[in-house]
Structure formats: structure tokens, C-alpha cells
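Next come the chains, spelled out residue by residue.
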Amino acid sequence: MHREPKLIQLPPQLFVGPGVESEKMTPATNTASGWIKPEGGLWTSTYDPECGSGWVQWSMGERFRVECDDDYETCYFDCSILYPKPARILIIDTHQDLVDAIQDYHFVGSEPRSYYAEDYLDFEEIAEDYDAVHLTDRGQWKTRRTRPGLYGWDLESTVWLRWMFSEVEHIGRVGFSSCDMSATEEKKLKMLGLFR
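What this report covers is the structure whose coordinates are included nearby.

So, on to helix α5 (residues 182–192). Among all positions in α5, only Thr 184, Glu 185, Lys 188, Leu 189 and Leu 192 are buried. All buried residues of α5 project into a common sector of 130° when viewed along the axis, lining one side. Turned more than 90 degrees away from the buried face of α5 sit Ala 183 and Lys 187, all of them exposed. Turning to α5, the residues buried within the fold contact β1 (7–8), β3 (42–46), β6 (87–92), β9 (132–135) and α4 (137–142).

All right, on to the side chain of Asp 97 then. Summarising the element assignment, Asp 97 is placed in helix α2 (residues 95–104). Of note is the side chain of Asp 97, whose polar atom sits 2.8 Å from the backbone nitrogen of Asp 93. Aside from chain neighbours lying at most four places away, what touches Asp 97 is Arg 3, Ile 91 and Ile 92.

What follows covers the pairing of strand β2 (residues 13–16). Of the pairings in the sheet, the one linking β2 to β3 comprises 2 bridges and is antiparallel in character. When the sheet's bridge partners are listed, Gln 13 is paired in β3 with Thr 46. Both β2 and strand β5 (residues 74–84) contribute to a ladder of 4 bridges, which runs antiparallel. Across the sheet, residue Val 16 finds its bridge partner in β5, namely Cys 79.

A negative phi angle characterises most non-glycine residues, just as the trans form characterises most peptide bonds. Here the residue pair Arg 147 and Pro 148 is connected by a cis peptide bond, since its omega of -10° sits within 30 degrees of zero. Backbone geometry places Arg 63, a non-glycine residue, at a positive phi of 55°. Within the element layout of this structure, Arg 63 appears in the loop between α1 (54–62) and β4 (67–68). Even without a glycine there, the phi angle at Asp 154 is positive, about 70°. Residue position: Asp 154 is located in the loop between α4 and β10 (157–160).

Calculation notes
Residues numbered from 1 in each chain as written. Predicted model: local features only at pLDDT ≥ 70, side-chain atom pairs only at ≥ 80, totals over all residues. Heavy atoms only, no water. Buried < 20%, exposed > 50% of the residue type's maximum accessible area, 1.4 Å probe, protein only. Helix = DSSP H or I, 4+ residues; strand = E, 2+ residues; numbered from the N terminus. Arc of directions from axis to C-beta. Contact = heavy atoms within 4.5 Å. Polar contact = N/O pair within 3.5 Å; in protein donor to acceptor, adjacent residues only side chain to side chain. Pairing = 2+ DSSP bridges.

Keep in mind these values describe shape, not function.
Here it is, written out as C-alpha cells:
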């Protein structure tokens, strides 16, 4: 039995990459072998004017697809700020949230690709009821090395299953330095009624 989706207003989201627009968004589909992430969809992370986003900070820490100055103090990203409309968002903030979601939207891949997951979220079925799946920073840590798990999401992020934005502001190439995103995450959790 599926939970009744509620409309949720997420704060502005940061998309990293060349220009983003609804026409370029592809539907989220399950991978045949099974994986904790769908193919397609649109990935964002909560925007922070100083830090960029969880994705920016993770990319800098891992030196993943980043262009940085010589001492790695500042890294540069092509960015757009996306302003979400109220949307039906499946939020994963705890391991139990993931267990419940997999019980409601269960997909078994033919060849599990992760030690931490054999049962996966069925993103195609989720898209029938929800507009996005949002993993909080706390949810990322609570599902990181668990069974079932989301090890591989690596950070607070949202996969959008359909275009749900009222405005897109392309801010271009922006430099960010390493910083603490905890205040941004705390503010978002309070807004969503999840702060503990």
C-alpha cells in the first residue's frame, strides 16, 4: 500500500552542468541489472550561496570532474539555480524511510551491483505517485552502508522525475571553496518539519 504523497516546497536547488531546460530532461528509468540510482531524471542538491551545494562540496572533496585553482582552494562549476514548485516528494531521512519506500516501490535487478543493495527503489513506479525523490544529508548517512542502502548517492540530493520548476536562473561559471553545509541542511529540515 502506497503512502499518500503530500505537496512539499523544497528550497532552491543547484544544478551543475551546462544549461538545463525541461526539453533536455529524460524520464527516470530503472536499470535492468538494478542500481540504487535511476537512469535519467534530473539531479540537484540544495543551493547554498556560499558553499554551492552538497554536490559541489562532494565533488571538491573527491576531486571529481572539477576545475580548480592550483591549490584546490577554489573550484569552478557551471551552475543554474532551479526554483521548485510545490511537488510530491518522497523524502528519505532515515533508514526506515528507505525500507518503507522499497516495500511500497520494490524493484529487483537481474544482477545486483552493490553489496549494500539487492532490492532497489522502482523509480518508474515511484514516478506514478511522486515528482521527485529527496535524500537528506542525515538520510544519506543513515542509508550509507546498510541493507537496503543507498550507498552511491553520497550526498544530500534530489532526483526529479518530472520538470517541477517555476524558474531557472543560469548563473554561469562560479567559484566555490570548501565550507560547512550544516546550517543550510538544518534550515531545510526545519522547513520540512524533519529537524530533530
